[in-house]
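# Coordinates in review
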Amino acid sequence: MLQTLPDGFTAVITGAGGGIGQAVLNQLLKSDRPGRVIAVSRQSLEIDDARVESLKADVTTDEGRELLRDKVDGAPTHLLFNAIGLLHDEREGISPEKRLEDLDAGALATLFNVNAITPVLLIQTLVNSLKGRHPAIIASLSARVGSIGDNALGGWYGYRASKAAHNMFLRTAAIELARYNRQAIVLSLHPGTTDTGLSQPFQSRVPEGKLFTSDFVAERLLAVMNGRRAEESGSFWDWAGKPIPF
């Protein structure tokens, strides 16, 4: 369980009420190594574990991130795992675009805020807790379709572009954080197609054996994080531990 981190480490999980976020939280709590786990969600969470501090906050807003900063209160943070992401929202009329004619400025702005801007502002929010001489892993969910080098199909403009921006933000943050903490590891992670609300409308197209449970994905992502070293900070990996081109 994240052997580079010390016993009693402090973890922050954003999107802890969603499929992957909740599964990562559950995996962490199976171990006795975490000492403090701040579980952040837009909904109230009730978790029967004394190590867990539940925080109801929407961290896609300035107000929500301020609540998170106050909760952490400057304490050294060893793990920041961001599981927040947006692909579609029926209420907001957001869905993956198939053609240039489908592009909408408002939808693009929302996708960029959730998928790219929020993750890097979370790092900004906790930067003083990530600086220092303590080991720290900062991991955020990306997507293979955000790889510019891997884009051979087109479509899904907003999701692709926002995840590509996500990866650039994290790589740039990794370079800066290395000046403040030589043990910091920043990672963009592709979880694969996971059986959650985000993928639900598109699951019929997924090849047999390629739709993963949240528990499986959480186990795999933690294993991938466990295998990384500081010199790999700023890199992009899939659930199987294979690097993805930017």
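Provided above is the structure to which this section pertains.
Numbering of residues starts from 1 in each chain and follows the order in which that chain's sequence is written. At least 70 in pLDDT is required for a residue's local features to be given in this predicted model, at least 80 for side-chain atom pairs to be given and counted, and no such filter applies to totals for whole chains, interfaces and linings, which use all residues. Heavy atoms throughout the structure, all of them, feed into the side-chain values; hydrogens and water do not.

### Points about the pairing of strand E1 (residues 9-14)
To keep things clear, this is the line we draw: Any residue under 20% of the maximum accessible area for its type is buried, any over 50% is exposed, and the rest in between are partly exposed; the area is computed with a 1.4 Å probe on protein chains only. Each helix is a run of H or I in the DSSP string that is no shorter than four residues. Each strand is a run of E no shorter than two, and both are numbered from the N terminus. Pairing between strands requires that DSSP locate at least two bridges from one strand to the other. When the strands point away from the viewer and the path from the first strand over the helix to the second turns clockwise, the crossover is right-handed.
Of all six residues making up E1, six are buried, and the element is well covered by its neighbours. In this structure, E1 lies alongside strand E2 (residues 34-41), joined through six bridges in parallel fashion. Opposite Thr14, over in E2, you have Val40 as the bridge partner. Traced from E1 through helix H1 (residues 19-29) to E2, the parallel crossover comes out right-handed. Pairing of E1 with strand E4 (residues 79-82) involves four bridges; the strand directions are parallel. Bridging from a neighbouring strand, Ala11 pairs with Leu79 of E4.

### Looking at the pattern of salt bridges
For the record, the criterion: Take a side-chain nitrogen of Lys or Arg and a carboxyl oxygen of Asp or Glu: if they are within 4 Å of each other, that pair is a salt bridge.
Considering all chains together, one arrives at 10 salt bridges under this definition. The salt bridge involving Arg36 is made with Glu53; its shortest N-O contact spans 2.8 Å. Note that Arg36 is positioned in strand E2 and Glu53 in strand E3 (residues 52-56), a separation of 17 residues in sequence. With relative accessibility at 18%, the residue Arg36 sits in the buried group. Note that Arg99 is salt-bridged to Asp102, the shortest N-O span being 3.7 Å. Sharing partners across several salt bridges, the network here consists of Arg36, Glu53 and Lys71.

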